[in-house]
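Inside the fold
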Amino acid sequence: MSMKAISSKDAAALDKDLMEIGGFSLDQLMELAGLSVSQAVYRVHPPSAGKNILVVCGPGNNGGDGLVAARHLAQYGYYPSIYYPKEGKKELYQRLKTQLHNLSVPFVPDFTEALKSADLVVDAIFGFSFGGPLREPFPSIILQMESTSVPILSVDAPSSWDIQAGPPKEGPGAKFMPQTLISLTAPKPCVKYFTGRHFLGGRFLTKSILEKYGLDCPQYPGVDQIVELGVDAEGRL
Ligand SMILES: NC(=O)C1=CN([C@@H]2O[C@H](COP(=O)(O)OP(=O)(O)OC[C@H]3O[C@@H](n4cnc5c(N)ncnc54)[C@H](O)[C@@H]3O)[C@@H](O)[C@H]2O)[C@@H](O)CC1
Ligand SMILES: [K+]
């Protein structure tokens, strides 16, 4: 099973349509996106494989997806911790933080230290609005993510990759290849450089939106919020 990619411009327009025409709020979309991310974590890394999940959040909505996913992971019995070096300004992120504080999910100050005890890293740093050379404090975080042996699951795109053109030719991110990627709504063009396990999440598209953007959404099995691309609902290639 495969799916057509969507450019970052169309992905942003589709998001806007879901809210302005579709009647969704950002909170709802982020909740469903983050729920998908948590299910992908559970699928590739069940609690029996290690419960310490380090969720690295960036300043935008990709980071918001990470905050939501961390809440669900805590409810599933994992021990998530959050590294959030550049917090976003939206009130929504503050509410997500409160929800995590109330579950005693720690916000950790030192990425290098936190990585030492992590069983899996969720890369929720940048999604489809990433562009240009990496600005501080992210270059050193990306360098550590590309050289660690801890498995990484990236949300919507491997952070530091150009959404269209894929990994940078040199510098931080040039060798970054997460083990798992969950594309939200639809894969982005950079997915053609990705070689790991690939899931789709964000189960909120309607027939008219699929038609407008020329997308063909694979069938999600049962009540799942994720579908693995490359494998069909019955597990066949
Ligand atoms: N329909 C969907 O697919 C949905 C998508 N959501 C998520 O929203 C993401 C897009 O969110 P946003 O548009 O807020 O953007 P992102 O979260 O992709 O990133 C934007 C932030 O990154 C910073 N940034 C961009 N380039 C940078 C660079 N070179 N160095 C340092 N900082 C940089 C920007 O200043 C901004 O703060 C998607 O990828 C997805 O994860 C969900 O939250 C909601 C539903
Ligand atoms: K990401």
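Residues numbered from 1 in each chain as written. Chains lettered and ligands numbered in written order. Predicted model: local features only at pLDDT ≥ 70, side-chain atom pairs only at ≥ 80, totals over all residues. Heavy atoms only, no water.

If you check an unreviewed UniProt entry, the protein appears there as NAD(P)H-hydrate epimerase from Monascus purpureus. Comment text from UniProt for the protein, heading Sequence similarities (unreviewed entry), reads "Belongs to the NnrE/AIBP family." Comment text from UniProt for the protein, heading Function (unreviewed entry), reads "Catalyzes the epimerization of the S- and R-forms of NAD(P)HX, a damaged form of NAD(P)H that is a result of enzymatic or heat-dependent hydration. This is a prerequisite for the S-specific NAD(P)H-hydrate dehydratase to allow the repair of both epimers of NAD(P)HX." (UniProt positions renumbered as here; feature names shortened; annotations may be inferred.)

1. Quick look at the coordination of the potassium ion (ligand 2)
Four donors placed tetrahedrally around a metal ideally meet at 109.5 degrees, and six donors placed octahedrally ideally meet at 90 or 180 degrees. Looking at the potassium ion (ligand 2), one finds its protein donor set to be Asn62 (OD1), Asp123 (O), Phe126 (O), Val155 (O), Ala157 (O) and Ser159 (OG), positioned 2.7 to 3.0 Å from the metal centre. Considering all six donor atoms around the potassium ion (ligand 2), the spread of angles at the metal, 70 to 166°, places the coordination shape in the irregular class. (Donors = N, O, S within 2.8 Å, 3.2 Å for Na, K, Ca; no water. Tetrahedral: all angles 85-135°; square planar, octahedral: opposite > 155°, others 65-115°.)

2. Some points on the site of ligand 1
The full set close to ligand 1 counts 22 residues, and Asp15, Asp65, Ser129, Asp156 and Thr185 are the nearest of them. Within the backbone of Asn61, an N or O atom sits 2.9 Å from an oxygen atom of ligand 1. Here an oxygen atom of ligand 1 and a backbone polar atom of Phe128 are 3.0 Å apart. Within the complex, 86% of the 890 Å² of free accessible area of ligand 1 lies under protein. Taken atom by atom, the bulk of ligand 1 overlaps the largest pocket. The set of elements that each furnish at least two residues to the shell around ligand 1 consists of α2 (26–44) and α3 (61–76). (Near = heavy atom within 4 Å. Polar contact = N/O pair within 3.5 Å; in protein donor to acceptor, adjacent residues only side chain to side chain. Areas by Shrake-Rupley, 256 points an atom, 1.4 Å probe, with all protein chains shown as cover. 1 Å grid on protein atoms, 1.4 Å probe; cavity = no way out; pocket = protein on both sides within 12 Å on 5 of 7 lines; lining within 4 Å. Sits in = over half its atoms within 2 Å of the grid points. Helix = DSSP H or I, 4+ residues; strand = E, 2+ residues; numbered from the N terminus.)

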